[in-house]
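Chain by chain, the residues run as shown.
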Amino acid sequence: MIELHKHNVKFDDASQEIIIDAGIETYWIGADKVSYYWIH
């Protein structure tokens, strides 16, 4: 489970990935691996 915030998340339509800038690390999550998300 990863908490998403509007200020550090981008959705890349071309690669179908969610990119999360966590400050120290950056995470790339394939959209096919996500079953549910909530952004606040």
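Residues numbered from 1 in each chain as written. Predicted model: local features only at pLDDT ≥ 70, side-chain atom pairs only at ≥ 80, totals over all residues. Heavy atoms only, no water.

### Notes on the side chain of Asn8
Within the secondary structure, Asn8 sits in the segment before β1 (9-12). Judged by relative accessible area, Asn8 falls into the buried class, the value being 16%. (Helix = DSSP H or I, 4+ residues; strand = E, 2+ residues; numbered from the N terminus. Buried < 20%, exposed > 50% of the residue type's maximum accessible area, 1.4 Å probe, protein only.)

### What to know about the sheet that holds strand β3 (residues 26-30)
What the 3 strands build is an open sheet, ordered β1-β2-β3; its pairing is antiparallel. Edge positions in the sheet fall to β1 and β3, since each has one partner strand and no second. Averaged over all pairs of adjacent strands, the angle between strand axes in this sheet comes to 20 degrees, irrespective of strand direction. (Pairing = 2+ DSSP bridges. Axes fitted to C-alpha atoms, helices over the stretch in contact; angles between N-to-C directions.)

### Let's talk about the pairing of β1
Bridging between β1 and strand β2 (residues 17-21) involves 4 bridges; their strand directions are antiparallel. Residue pairing for β2: Asp12 is matched across the bridge by Glu17. Taking the residues that link successive antiparallel strands as the turn, the β1-β2 hairpin has 4 residues, and the phi of Gln16 there is positive, at about 55 degrees.

### Describing the pairing of β3
Here β2 runs beside β3; their pairing, made up of 5 bridges, is antiparallel. Its bridge partner lying in β3, Ile18 is registered against Ile29. From the end of β2 to the start of β3, which pair antiparallel, there are 4 residues, and Gly23 there has a positive phi angle of about 85 degrees.

### Concerning the environment of Ile24
Along the chain, Ile24 turns up in the loop between β2 and β3. Along the sequence, Ile24 and Asn8 sit 16 residues apart, while their C-alpha atoms lie 12 Å from each other.

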